[in-house]
Amino acid sequence: MPNPPDHGNAPPATGREWWRDAVIYQVYVRSFADSDGDGEGDLRGVRSRLPELAALGVDAVWLTPFYVSPLADGGYDVADYRDVDPRFGTLADFDDLTQRAHELGLRIIIDVVPNHTSSAHAWFREAVAAAPGDPARSRYVFRTGRGPGGDRPPNNWRSIFGGPAWTRLKRPDGTPEEWYLHLFDPEQPDLDWTSPDVHAEFDDVLRFWLDRGVDGFRIDVAHGMVKDPALPDLPEGQKADLLDGSVELPYFDQDGVHDIYRRWNAIVASYPGERALVAEAWVEDAPRVARYLRPDELHQAFNFQFLTAGWDPAVLRRVVDDSLAANGAVGAPTTWVLSNHDVTRHPTRFGAGERGLRRARAAALLALALPGSAYLYQGEELGLPEVTDLPEDALQDPTWERSGRTERGRDGCRVPLPWEGGEEPYGFGPPGTRPWLPMPPEWGRYSREAQRGDPDSTLALYTSALGHRRASIDPAADLAWIDAGAGVLAFTRGDGFACAVNLGGEPAELPAPLPAPRTRVLLASGPVREGAQALVLPPDTAVWLVPAES
Ligand code: GLC
């Protein structure tokens, strides 16, 4: 194979690793921008829109899976880890995209999906064709069933998308034989991480993309992979919910997973340019998350405790303290995440309508003022709400069918982005494109074009916040809380910056050292009244403050 092009790495090291305080923008490739009008976003589409992400002011882009895949789970079912699915483009498109991103000063993070492959992966096909006991089966979790004739699954584990976590194979003549484990969809068989082949394969996959110039990996289901070898039954009624790490499970957050990350850390560290590993680990609490961030393991983990904290000042404050303390103890930065492709968009979570958007804007200023790194999910800079009324026949998330059509799943946060114009496809694709999920009729008002130039738009708020974050917040400055009364979260980051958020139901007068005239409002998520002596913060509003003379 010819050597892949050397794109080097994005911006030179600054003395403080870039990922410690980077703002990373999540691109859900299928829904970002469609260059060829087939209704699905693609890598050329992403490339063409990179200047708009650079203008927004983010540091890096995380691309969700674009690998060869039947898309049974939106691409988290990978059939070939070393190639691009034709609907998303080609390897050459990926190289062009990486090069362009680096020219614009943007780093590129890609997904790696190591807990399971697609059932269309060559390894799984080989395993299915082989006889029970054949080494080809040792890369997955095959077991005989229980009961007479092995008719019952090997244990009582449930798939996260609903139904049993085991599917039984059938010979071509219809004879039933072994069962295989799939914590997610039946089209996502779990790999067996006791197999040396599996370790070697992922070492090589990481190197493949590192050689192509990626700046890091987001590790899918990073708390999965290693299972309790006894595969014990769960207590009756217990079920894994992807978003609930509070239940102890024999297939999540097992100690052995950390050995894998030590090995991956060494691989990544052998490359120049501060490449980073970020964990998607829905585990119990901040100390359990921090175990993934020990100095010889991963660099960052999504802070799902923050994402699930709701609009509650006490809970948020506790989450901030706990995560900073736990991550600080292992020398790792904390990340702040409000949305992603698996959860209801936060304006809708925070109460929908005008109130939800007001809170979402305030939450963004909170997240972007906290010490550490922040993740933005595509469209949150436009204030996009969840689409809650997708027609049933449009739903694609496997959750919908697997739950017996009782849970609609995650499509509502995956609706393609509106870029410009007043009707579908709103610039998502060329005119006439039918997006893979229908776009709501009123989405013209959320488009980037409609918001550009409007100083009160959510796009303007995010753009200003990212600019001011660079200019006015010392990344090394710790957080110090200010007691601002129930309902208000307020803190400083050094002498030169403060943030206050009113999560209560009443206007709040900010106490010293916050009120004018010693400070001035640098940025506000909504209208604020700045009097001569006091600053009154309306409900659901956040402000960034700097010394008056600055
Ligand atoms: C992760 C992904 C999610 C996917 C699941 C299975 O949680 O974020 O979208 O369904 O893993 O790969």
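Rules used throughout
Residues numbered from 1 in each chain as written. Predicted model: local features only at pLDDT ≥ 70, side-chain atom pairs only at ≥ 80, totals over all residues. Heavy atoms only, no water. Helix = DSSP H or I, 4+ residues; strand = E, 2+ residues; numbered from the N terminus. Buried < 20%, exposed > 50% of the residue type's maximum accessible area, 1.4 Å probe, protein only. Expected span 1.5 Å × (residues − 1). Arc of directions from axis to C-beta. Contact = heavy atoms within 4.5 Å. Near = heavy atom within 4 Å. Polar contact = N/O pair within 3.5 Å; in protein donor to acceptor, adjacent residues only side chain to side chain. Areas by Shrake-Rupley, 256 points an atom, 1.4 Å probe, with all protein chains shown as cover. Nonpolar A, V, L, I, M, F, W, Y, C, P; charged D, E, K, R; others polar.

1. A look at the side chain of Asp85
So, point 1. Its place among the elements puts Asp85 in the loop between β4 (80–84) and α2 (91–103).
So, point 2. The class of Asp85 is buried, set by a relative accessible area of 6%.

2. Some remarks on helix α5 (residues 257–269)
So, point 1. The terminal C-alpha atoms of α5, which comprises 13 residues, lie 19 Å apart, in line with the 18 Å expected from a rise of 1.5 Å per residue.
So, point 2. Regarding α5, the residues found buried are Val257, His258, Ile260, Tyr261, Trp264, Asn265, Ile267 and Val268. Summarising the axial view, the buried residues of α5 lie within an arc of 165°, below the 170-degree limit, and thus occupy one face.
So, point 3. The inward-facing, buried residues of α5 abut β5 (107–112), α4 (196–211), β9 (216–219) and β10 (276–279).

3. Some details on helix α10 (residues 353–369)
So, point 1. The first and last C-alpha atoms of α10 sit 25 Å apart over 17 residues, in line with the 24 Å expected at 1.5 Å per residue.
So, point 2. Counting buried residues in α10 gives twelve out of 17 residues, a clear majority hidden from the surface.

4. Here we look at the site of the ligand
So, point 1. Neighbouring the ligand are 15 residues, the closest being Asp73, Asp220, Glu280, His341 and Asp342.
So, point 2. Contact distances for the ligand include 2.9 Å between an oxygen atom and a side-chain N or O atom of His116.
So, point 3. A distance of 2.8 Å is found between an oxygen atom of the ligand and a side-chain nitrogen or oxygen belonging to Asp220.
So, point 4. When the ligand sits alone it has 300 Å² of accessible area, and the protein chains cover 100% of it.
So, point 5. Tallied by class, the residues present in the shell around the ligand amount to five nonpolar, three polar and seven charged.

5. What about unusual backbone geometry?
So, point 1. In this structure, the amide linkage connecting Glu424 to the following residue, Pro425, adopts the cis form with an omega of 10°.
So, point 2. Its location among the elements puts Pro425 in the loop between α11 (398–402) and α12 (448–451).
So, point 3. The phi angle at Leu71 is positive, at roughly 60°, despite the residue not being glycine.
So, point 4. Among the structural elements, Leu71 can be located in the loop between β3 (67–68) and β4.
So, point 5. Taking relative accessible area as the criterion, Leu71 reaches 10% and is therefore assigned buried.
So, point 6. One non-glycine residue with positive phi stands out, namely Asp253, at about 55°.
So, point 7. With respect to the helices and strands, Asp253 occurs in the loop between β9 and α5.

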